[in-house]
Amino acid sequence: FIGRSYAENSENDFSEGSGLSNKKSDIVSNLELDINKNLSIVTRVRYDDNEKKLRRLDSTLNFKSKYISTNLRYFRLNSSINSNFNNGVPNQELKGKINLKISKNWSLGYSAARDIDLKIMRNQRASLKFNDDCTLVEVFYQKNNFNSATFSNITRNTSGLGIRISLLTLGSMN
């Protein structure tokens with residue numbers, strides 16, 4: 001998929017960083033490639049052809065088998081547009097997640113996100129899950145690292161243990 005939108009007049013309510021503030025929008029594209037039943041890639045791009053700049057790149061690699069599911073995501077936002085919308089989101093980030101099925105109902109999980117610009121791990125989570133037809137019980141340890149002036153409006157460094165219990169036919173309780 002590749003696309004762009006056009007507007008009859010340039011007076012609109014969209015902000016400068018949205019890619020929709022001119023008569024023609026930024027060019028956007030989405031590519032999804034299923035290599036086989038286990039492996040897929042999804043990439044999204046936003047390109048400003050007026051300024052000849054890549055505004056956003058977001059790419060995810062997914063792998064799933066009987067015992068392992070994992071994904072790896074890289075994204076990059078243009079820093080000038082990101083400053084208007086970021087809410088603590090970094091300009092470049094690498095995220096990963098892996099789940100290992102160790103028996104019919106038990107699995108181990110780990111996920112992490114790295115801020116490439118600040119060279120810090122933003123968050124990490126390790127978990128042990130029990131999952132049957134009716135119940136999901138997860139015990140996890142999570143650590144967040146937002147100790148930077150960039151993230152002044154959100155909770156800074158935190159870490160802790162948690163338990164999540166979900167009754168799969170009724171809902172969940174954290």
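Up top is the structure.
Please read all numbers here as calculations on a predicted model, not as lab measurements.

1. Re unusual backbone geometry
Not every positive phi belongs to a glycine, and Lys 52 is a case in point at roughly 55°. The phi torsion at Lys 119 lies on the positive side, around 55°, for a residue other than glycine. By secondary structure assignment, the location of Lys 119 is in the loop between β7 (106-115) and β8 (120-131).

2. As for the pattern of salt bridges
Should their charged atoms come close, side chains of opposite charge can pair. Throughout the structure, instances matching the rule amount to 11 salt bridges. Across the pair Arg 122 and Glu 93 runs a salt bridge, and its minimum N-O distance is 2.9 Å. Taken as a pair, Arg 122 in strand β8 and Glu 93 in strand β6 (residues 92-101) lie far apart in primary sequence, 29 residues in all. Taken individually, Arg 122 and Glu 93 each receive the classification buried, so the pair is uniform in this respect. Close ionic contact of Glu 138 with Arg 125 constitutes a salt bridge, the shortest N to O distance being 3.1 Å. Remark: Arg 125 occurs in strand β8 and Glu 138 occurs in strand β9 (residues 135-144); sequence separation between them is 13 residues. For Glu 138, a relative accessible area of 3% puts it in the buried group. Within this structure, Asp 48, Glu 51, Lys 53 and Arg 55 form a network of salt bridges that share partners.

Rules and cut-offs
- Residues numbered from 1 in each chain as written.
- Predicted model: local features only at pLDDT ≥ 70, side-chain atom pairs only at ≥ 80, totals over all residues.
- Heavy atoms only, no water.
- Helix = DSSP H or I, 4+ residues; strand = E, 2+ residues; numbered from the N terminus.
- Salt bridge = Lys/Arg side-chain N within 4 Å of Asp/Glu carboxyl O.
- Buried < 20%, exposed > 50% of the residue type's maximum accessible area, 1.4 Å probe, protein only.

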